[in-house]
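Here are the chains, one letter per residue:
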Amino acid sequence: MTRRTNSLLSVASLAALVVVGSAFTSPGKPLPKAPVKARLAVTTPAKPADRASVVVGDAQQAINIDWRVLAGLDYTNGKATDTLKKLEGKMVRIPGFVVPLDDFQEEGAEFLLVPYYGACVHTPPPPPNQIVMVEMSGKKAVKLNLFDAVWMSGTLKIASVESPYGTVGYTLQGLKVEPYSSK
């Protein structure tokens, strides 16, 4: 009886994982929209006099966004929500997980940012509006760890790009990668 119970629990656990995983990979059902104030930080980047100060100041004053904002891109026709259009070319800060473009790559200046661990690698890739191609400013290599959540700061562009793991909906000129915290 114990062996059968354990088998049933294993099957139930696997089914739960499939359901949870498919909630992130299915482009058919959009996420509920939160109020704009909940999705965007109230502060906006300062307007410095020269570009050199943008690199220093903007990464610290980036607009925090989440993946629901990025889901505002209809990748089938390229249309974006007004909120998303306003973020085009702005300094943003996005939480996520790094996916190296080459297997077993420990450092790199180009990589993908995805909303959940394991996306693109062990499952079908998320939809393009849930993948960001990051290119670090100055081709500066950073440590790439699949297992740790990060905050990625940089300039956001809506752009369709092909990657080894599928079509990407955004590019980010990366300035700063830092360990994820709820702050």
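For the structure itself, consult the block above.
Conventions adopted
Residues numbered from 1 in each chain as written. Predicted model: local features only at pLDDT ≥ 70, side-chain atom pairs only at ≥ 80, totals over all residues. Heavy atoms only, no water. Phe/Tyr/Trp six-rings, centres within 6.5 Å; stacked < 30°, edge-to-face > 60°. Helix = DSSP H or I, 4+ residues; strand = E, 2+ residues; numbered from the N terminus. Buried < 20%, exposed > 50% of the residue type's maximum accessible area, 1.4 Å probe, protein only. Contact = heavy atoms within 4.5 Å. Salt bridge = Lys/Arg side-chain N within 4 Å of Asp/Glu carboxyl O. Pairing = 2+ DSSP bridges. Core = buried A, V, L, I, M, F, W, Y, C linked by side-chain atoms within 4.5 Å.

Visitor: Explain the packing of aromatic side chains to me, please; I cannot follow it from the model alone.
Guide: Two numbers describe a pair of aromatic rings. These are the distance of the centres and the angle of the planes. Applying the stated criterion across every chain yields a total of 3 aromatic pairs. Ring centres of F97 and Y117 lie 6.3 Å apart, and the angle between their planes is 70°; on these two criteria the pair is classed as edge-to-face. In this pair, F97 sits in strand 4 (residues 91-100) while Y117 sits in the loop between strand 6 (110-114) and strand 7 (132-136), placing the two residues 20 residues apart along the sequence. Residue F97 is classed as buried on the basis of its relative accessible area, which comes to 17%. Owing to a relative accessible area of 42%, Y117 belongs among the partly exposed residues under this scheme.

Visitor: Just to check I follow, could you spell out unusual backbone geometry for this structure?
Guide: With glycine set apart, most residues show a phi of negative sign, and most peptide bonds adopt trans. Unlike most non-glycine residues, K139 shows phi in positive territory, near 55°. Mapped onto the secondary structure, K139 falls in the loop between strand 7 and strand 8 (142-143).

Visitor: Before we go on, may I ask you to explain the environment of T171 in this structure?
Guide: With respect to the secondary-structure elements, T171 resides in strand 10 (residues 166-179). As for T171 and I131, which are separated by 40 residues in sequence, their C-alpha atoms are 8.8 Å apart. When residues no more than four places from it in sequence are discounted, the contact partners of T171 are V132, M133, T155, L156, K157, A159 and V161.

Visitor: Sorry, what's going on with the pattern of salt bridges here?
Guide: Where charged atoms from two side chains of opposite charge come close, those side chains can pair. Applying the stated criterion across every chain, the model contains 4 salt bridges. Residue K139 is joined to E110 by a salt bridge in which the shortest nitrogen-to-oxygen separation is 3.3 Å. In this pair, K139 is assigned in the loop between strand 7 and strand 8 and E110 in strand 6, connecting sequence segments 29 residues apart. A relative accessible area of 32% means that E110 is categorised as partly exposed. Among the salt bridges present, the one from E135 reaches K139, with a minimum N-O distance of 3.4 Å. By relative accessible area, which is 29% here, E135 ends up partly exposed. Among the ionic contacts, a cluster of salt bridges with common partners joins E110, E135 and K139.

Visitor: So what exactly am I meant to see when it comes to the pairing of strand 4 here?
Guide: Two faces make up the sheet, and in a regular strand the side chains alternate between them. Of all 10 residues making up strand 4, 10 are buried, and the element is well covered by its neighbours. Note that strand 1 (residues 63-64) and strand 4 share 2 bridges and pair parallel. Note that in strand 4 the partner of N64 across the bridge is R93. Here strand 4 pairs with strand 9 (residues 149-163) via 7 bridges, running antiparallel. The residue of strand 9 that forms the bridge with G96 is V150. Note that strand 4 and strand 6 share 4 bridges and pair antiparallel. Within strand 6, the residue paired with V99 across the bridge is L112.

Visitor: Looking at this structure, how should I read the nonpolar core?
Guide: Nonpolar side chains in soluble globular proteins generally cluster together in the buried interior. Among the nonpolar cores identified, the biggest contains 25 residues, and I65, L70, V132 and L156 are the most heavily contacted of them. Counting residues per element, the ones that place at least two in this core are helix 4 (67-70), helix 5 (82-87), strand 4, strand 6, strand 7, strand 9 and strand 10. Setting aside residues no more than four positions away along its own chain, V132 makes contact with W67, L70, I94, F111, L112, L113, V168, Y170, T171 and L172. V99, L101, A119 and V168 belong to the second-largest nonpolar core, a separate cluster that totals 12 residues.

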